[in-house]
Amino acid sequence: MLGWIVALIAVAVATSSAVRTYQARREAYGASARAELNERQAKAAEARTLALTEEIRQLARKRIPAAATALSHRTAPVPGLREAADIDGEAARLLTEAVQAARTAVLEERGRVDAAARSAMRGTSAKIQSLLNQSQHLLHELQHEYDDPRILQLDFRNELALRRTQATAVLCDAWPGLARQNSSLVEIVLGAQSRVPGYERIKVANHLRQERLALVARAAEPLAIALAELLANATAYSHPDTEVPVTVQQTAGGAALILVDDAGIGMDDDALERARALLSGPSEVLLTELGDPPRTGFAVVGRLIARYGFSCHIESSPYGGMRTMLRIPAHLLTVMDDDRTLSVLAPKPVHARGSAAAAGAPEPAVPSAPEGAAVTTGPGPVEPAPAEPDAPEPAGAAPSAEAEAPPAELPTRRRRSRRTDSPESSTTRPRTVEEPTLRTPEQAGAAWAALQEGTLSGRKAPGPPAQAPPASPSDDLGDDET
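Owing to the predicted nature of the structure, the values given are computational and were not obtained by experimental measurement.

Student: Which residues make up the overall build of the protein chain, and what are the values?
Tutor: Tallying secondary structure elements over the protein chain gives ten helices and eight strands in all. Counting every position in the protein chain, which comprises 482 residues, the buried fraction comes to 40%. Taking the intrachain contacts of the protein chain between residues at least 6 apart in sequence as the baseline, contacts between residues at least 24 apart amount to 78%. Accessible area of the protein chain: about 26300 Å², with a carbon and sulfur share of 57%.

Student: Outline the sheet that holds strand β2 (residues 202-207), listing residues and values.
Tutor: If you trace the five strands from one edge of the open sheet to the other, you get β2-β4-β5-β7-β6, paired in mixed fashion. If you trace the sheet from one side to the other, it starts and ends with β2 and β6 (311-316), each paired once. Taking the axes of each pair of neighbouring strands and ignoring which way they run, one obtains an average angle of 15 degrees across the sheet. By the bridge criterion, six bridges tie β6 to strand β7 (residues 322-328) in an arrangement that is antiparallel. In the strand pairing of β7, S316 is matched with M322. Packing against the sheet, helix α5 (residues 217-236) makes contact with β2, β4 (244-250), β5 (256-261), β6 and β7, and its axis sits at approximately 20 degrees to β5. Sitting on the sheet, helix α6 (residues 269-279) touches β6 and β7, and the angle it makes with β6 is about 170 degrees.

Student: Pulling in residues and values, what's your account of the packing of helix α1 (residues 2-70) against helix α2 (residues 89-145)?
Tutor: The angle between the axes and the distance between the axes are what describe a pair of packed helices. Packing of α1 against α2 leaves a shortest axis separation of 10 Å and a crossing angle of 30 degrees. Considering the angle they form, α1 stands roughly parallel to α2. By crossing handedness, the relation of α1 to α2 is classed as right-handed. Contacts between α1 and α2 involve L52, E55, I56, L59, R63, I64, A67 and A68 from the former and A91, L95, T96, A98, V99, A102, R103, V106 and R110 from the latter. Taken together, the residues of the contact of α1 with α2 sort by class into twelve nonpolar, one polar and four charged.

Student: Just give me the short version of the nonpolar core, but keep the residues and values in it.
Tutor: As a rule of thumb, soluble globular proteins bury nonpolar side chains together. Within the largest apolar cluster, 58 residues are counted, with the highest numbers of intra-cluster contacts made by L185, L223, I258, F310 and I328. Among the elements that line this core, the one with the most residues is α5, at twelve residues. Apart from residues lying up to four places away in sequence, L223 is in contact with L185, I188, L215, I258, F310, L326 and I328.

Student: Give a detailed account of a negative patch on the surface, specifying residues and quantitative values.
Tutor: Taken together, the side chains of D268, D269, D270 and E273 present a region of like negative charge at the surface. Along the chain, the position of D269 falls in helix α6. For D269, a relative accessible area of 66% translates into the label exposed.

Student: Before we move on, can you summarise the pattern of salt bridges with the specific residues and values?
Tutor: The full count for this structure, using the stated rule, is 15 salt bridges. Residue D173 pairs with R307 through a salt bridge whose shortest N-O separation is 3.8 Å. Residue D173 is located in the loop between α3 (149-171) and β1 (183-184), and its partner R307 is located in helix α7 (residues 297-308); the two are separated by 134 residues in the primary sequence. Put simply, E211 and K348 hold a salt bridge, and the shortest N to O gap is 2.6 Å. Here K348 lies in the loop between β8 (333-335) and α8 (350-358) and E211 lies in the loop between β2 and β3 (213-215), a separation of 137 residues in the sequence. Shared partners join several salt bridges into a network, and the residues in it are D114, R118, D173, R303 and R307.

Student: Can you break down the packing of aromatic side chains residue by residue, with the values?
Tutor: Using the criterion set out here, one finds two aromatic pairs in the structure. Both rings, one in F156 and one in Y199, keep their centres 5.5 Å apart while their planes meet at 75 degrees; by these two values the pair is edge-to-face. In this pair, F156 is assigned in helix α3 and Y199 in the loop between α4 (185-193) and β2, connecting sequence segments 43 residues apart. For the pair F156 and Y199, one class covers both residues: buried. With a centroid separation of 6.5 Å and 25 degrees between ring planes, the pair formed by Y308 and F310 is classed as stacked.

Student: Lay out a nonpolar patch on the surface with the relevant residues and their values.
Tutor: There is a patch of nonpolar side chains on the surface, built from L2, I5, V6, I9 and V13 and spanning about 480 Å² of accessible area. Structurally, L2 can be placed in helix α1.

Student: Provide a residue-level description of the sheet that holds β3, including the pertinent values.
Tutor: Within the open sheet, the three strands sit side by side as β1-β3-β8. Their pairing is antiparallel. In the strand order of this sheet, the two ends are held by β1 and β8, each with one partner. Note: β1 against β3, two bridges, orientation antiparallel. Bridge pairing links S184 to A214 in β3.

Student: Could you give me a rundown of α3, with the residues and numbers involved?
Tutor: Between its terminal C-alpha atoms α3 stretches 34 Å, which fits the 33 Å expected from 23 residues at 1.5 Å a residue. Most of α3 is tucked away: 17 of the 23 residues are buried.

Student: Break down the pairing of β5 for me, citing the residues and quoting the values.
Tutor: When you tally the buried positions in β5, you get six out of six residues, the bulk of the element. Taking every second residue as pointing to the same face, both faces of β5 are buried, with A256, I258 and V260 on one and L257, L259 and D261 on the other. Both β5 and β7 contribute to a ladder of six bridges, which runs antiparallel. Paired with L257 across the bridge in β7 is R327.

Student: Describe in detail α1, supporting the description with residues and values.
Tutor: The terminal C-alpha atoms of α1, which comprises 69 residues, lie 97 Å apart, in line with the 102 Å expected from a rise of 1.5 Å per residue. Listing the buried residues of α1 in full gives G30, A51, E55, Q58, L59, R63, A66, A67 and A70. Against α2 lie the buried residues of α1.

Student: Mind laying out the packing of α6 against α7, listing which residues take part and the relevant values?
Tutor: Between α6 and α7, the least distance of the axes is 7 Å, while the angle of their chain directions is 30 degrees. Residues A275, L278 and L279 of α6 form the contact with α7, whose own contacting residues are F298, A299, V301, G302 and I305. Taken together, the residues of the contact of α6 with α7 sort by class into seven nonpolar, one polar and no charged.

Student: Got a sec to walk through the environment of K127? Specific residues and values, please.
Tutor: The topology assignment puts K127 in helix α2. Residue K127 is classed as exposed on the basis of its relative accessible area of 63%. With 38 residues separating them along the chain, K127 and T165 place their C-alpha atoms 9.7 Å apart.

Rules behind the numbers
- Residues numbered from 1 in each chain as written.
- Predicted model: local features only at pLDDT ≥ 70, side-chain atom pairs only at ≥ 80, totals over all residues.
- Heavy atoms only, no water.
- Helix = DSSP H or I, 4+ residues; strand = E, 2+ residues; numbered from the N terminus.
- Buried < 20%, exposed > 50% of the residue type's maximum accessible area, 1.4 Å probe, protein only.
- Contact = heavy atoms within 4.5 Å.
- Areas by Shrake-Rupley, 256 points an atom, 1.4 Å probe, with all protein chains shown as cover.
- Pairing = 2+ DSSP bridges.
- Axes fitted to C-alpha atoms, helices over the stretch in contact; angles between N-to-C directions.
- Parallel < 35°, antiparallel > 145°, perpendicular 65-115°, else oblique.
- Left-handed = near helix turned anticlockwise from the far one by under 90°.
- Nonpolar A, V, L, I, M, F, W, Y, C, P; charged D, E, K, R; others polar.
- Core = buried A, V, L, I, M, F, W, Y, C linked by side-chain atoms within 4.5 Å.
- Patch = residues over 30% accessible without salt bridge, like charges linked within 9 Å, V, L, I, M, F, W, Y side chains within 5 Å.
- Salt bridge = Lys/Arg side-chain N within 4 Å of Asp/Glu carboxyl O.
- Lys, Arg positive; Asp, Glu negative; His and termini not counted.
- Charge placed at Lys NZ, Arg CZ, Asp CG, Glu CD.
- Phe/Tyr/Trp six-rings, centres within 6.5 Å; stacked < 30°, edge-to-face > 60°.
- Expected span 1.5 Å × (residues − 1).

Below you can see the structure in the form of structure tokens.
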């Protein structure tokens, strides 16, 4: 009996010892596993911290600057997360929100700075425009008092400066600064032509069905500004020896189209897409997005389109360069009254010429007259001058707002002479003055030089006459467009 008791005690002691040993081993294994797990967790946390640090570094050095650059250059890439697998969803979302917040802040600051810049430029442009208008009136008075061709060149450069200032004001949401009456569409085209360097290369073709088609007063000057920008762009980006054809025509729906073609260098896809975006009339154009130096031509046209209801499309031209199509809707068009005289410079419609030739009537032409006269600055069309022989004009003189010599290639027409119906009527009607023959620019320049010599010799003491220097068509007029 005692032996059984001793055996049972020994078994219990052995079992208890085995259980304690097992528990000790289990605890040791658990501690080792926990230590290994803690080590793995620590390493994972260190890796996440390192990845998050690298993401924050990339956010500050690359992502936010790239996002700011992409606001001006839409094709610029913006990098994303470097180690997306090591960043949890919440951290990735916060990093993305940081990029968006930075983009929003940059946009708001750019808008504020741009608005301040536009306000300053608007006030400055208004003052400069007023001074240039005063200079223009003074130059017109000098043209009537003195016969120095350099005054014409000075007047033309004043006109270019006035156009650039006017375009800057329009870009800054200012009023164009000039009021007109209802004005003939063709006269507006001629007025825009006279504001552009290389104006002698621009050839206007009139295909209107209604010769007296005109623009309403509020849209006349804005159209002249927009068309001058398109013409300046066409002449600036095409070879000086090429022509710039301009076609004026009507559509079946009562609207009018002005097509400007050039044989220039054309545009790549990115430039064409950006030009179309600007010409679509966006709600806002930031000055900081126009480059350095800023290229404002298409942006100015877009602002006028958005404000006055024109539309403009640009595409490749059959002449090798670009074609811009400026569309004037029917509600901005009207017909001038019969008592309003059209400018003698306005080319007759092509169909009218064809019908006159078919009827055996002489084709109308005009004597030399100032190119783009009052249509550039005056509110109404130009009154025709009496039919008389041409006064000598300087060769290569630039166009001005009142008096300048047009190139011989521009469309012209003369007043029709009265016909003698019968021998009896010839005794009662005055004899028709023979129409003057058109002179070449060289002949006109020689005649002007002779007139200058005679005038100067009469004003000065006897001595060799001074000859005014001829106008140089190669002068740099400082006009670059886009």
